[in-house]
Amino acid sequence: MKLSEWAARNGVHYQTAWTWAKEGRMPVPVVQTPSGTWLVTEPAPQAAGRVVAYCRVSSDDHQADLERQVARTVRGATARGFAVTDVVTEVCSGVDGSRPELNRLLADPGVETIVVEQYDRVARNGLDHLDAALSATGRRLVVLDTAETADDLVRDITEVLTSLCARLHGRRFAKDRASRAIAVATGPEVGV
């Protein structure tokens with residue numbers, strides 16, 4: 001297939017895929033024809049099921065991060081011997097459960113393996129339950145980077161606190177109240 005088709009199917013911008021091809025960094029085999037066209041030779045699909053890379057960011061402000069995350073996830077999966085057949089991307093909060101693309105993946109019995117870059121791309125809590133449910137059906141979740149980052153946890157706590165303040169006091173001042181609550185909780189202790 002043409003490089004542009006592969007890029008569209010895998011959620012990668014065409015220019016990024018073209019740069020990877022020129023630099024020899026493509027996660028799949030690629031050849032350049034004498035006319036200059038890049039062709040991707042996809043590996044044969046696995047008989048047991050599809051391998052899908054799932055990438056998520058929390059807001060539209062992180063679209064560039066999403067593209068880099070796709071590249072790292074596909075490259076990491078390929079390095080571990082997985083033939084990624086699809087890439088699913090999503091822009092939504094990791095705190096709530098409203099993730100239609102992830103839900104679609106989990107409901108599809110044809111998806112044998114879901115590859116993610118970090119735990120928090122799939123779930124903030126209850127990952128053990130999700131992993132157990134997948135393995136009970138002969139499926140699995142592969143996490144490429146198992147280290148947690150403190151920044152993500154701090155951001156999660158801020159989002160949860162903002163959400164709770166919004167429910168209690170209205171949305172207008174929720175963010176400010178959450179910031180003040182965090183400042184009080186993390187600030188220097190005052191002598192009693």
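Conventions and cut-offs
Residues numbered from 1 in each chain as written. Predicted model: local features only at pLDDT ≥ 70, side-chain atom pairs only at ≥ 80, totals over all residues. Heavy atoms only, no water. Salt bridge = Lys/Arg side-chain N within 4 Å of Asp/Glu carboxyl O. Helix = DSSP H or I, 4+ residues; strand = E, 2+ residues; numbered from the N terminus. Buried < 20%, exposed > 50% of the residue type's maximum accessible area, 1.4 Å probe, protein only. Core = buried A, V, L, I, M, F, W, Y, C linked by side-chain atoms within 4.5 Å. Pairing = 2+ DSSP bridges. Axes fitted to C-alpha atoms, helices over the stretch in contact; angles between N-to-C directions. Contact = heavy atoms within 4.5 Å.

(A) Inspection of the pattern of salt bridges at higher detail. Enumeration over the complete set of coordinates arrives at 6 salt bridges. For Arg72, the salt bridge goes to Glu117, with nearest N and O atoms at 2.5 Å. Here the residue Arg72 occupies a position in helix 3 (residues 63-79), and Glu117 occupies one in strand 5 (residues 111-118), the gap between them amounting to 45 residues. Judged by relative accessible area, Arg72 falls into the partly exposed class, the value being 37%. Residue Glu101 pairs with Arg104 through a salt bridge whose shortest N-O separation is 2.9 Å. One end of the pair is Glu101 and the other is Arg104, both in helix 4 (residues 100-107) and 3 residues apart, which spans about a single turn. A residue is classified by how much of its surface remains accessible, and Arg104, at 42% relative accessible area, is partly exposed.

(B) Spatial organisation of the environment of Ser179. You can see Ser179 is positioned in helix 7 (residues 174-186). In sequence terms Ser179 and Leu161 are 18 residues apart; their C-alpha atoms lie 8.7 Å from each other.

(C) Up close: the nonpolar core. Ranked by size, the top nonpolar core spans 26 residues in total, and within it Leu3, Trp6 and Met26 carry the most contacts. Within the residue set of this core, elements represented by two or more residues are helix 1 (3-9), helix 2 (14-23), strand 2 (38-40), strand 3 (50-57), helix 3 and strand 6 (140-145). For this core, the element with the highest residue contribution is helix 3, accounting for 5 residues. Counting 14 residues, the second-largest nonpolar core is a separate cluster that includes Tyr54, Leu102, Leu105 and Leu134.

(D) The arrangement of the sheet that holds strand 4 (residues 86-91) in detail. Taken together, the 4 strands give an open sheet; going across it, the order is 4-3-5-6, and neighbouring strands pair in parallel fashion. Across the chains shown, the open sheet's two edge strands, defined by having one partner strand only, are strand 4 and strand 6. Adjacent strand axes in the sheet meet at a mean angle of 25° when their direction is disregarded. In this structure, strand 3 lies alongside strand 5, joined through 4 bridges in parallel fashion. Bridging from a neighbouring strand, Ala53 pairs with Val115 of strand 5. Along the sheet face, helix 4 touches strand 3, strand 4 and strand 5 and points at about 145° away from the line of strand 4.

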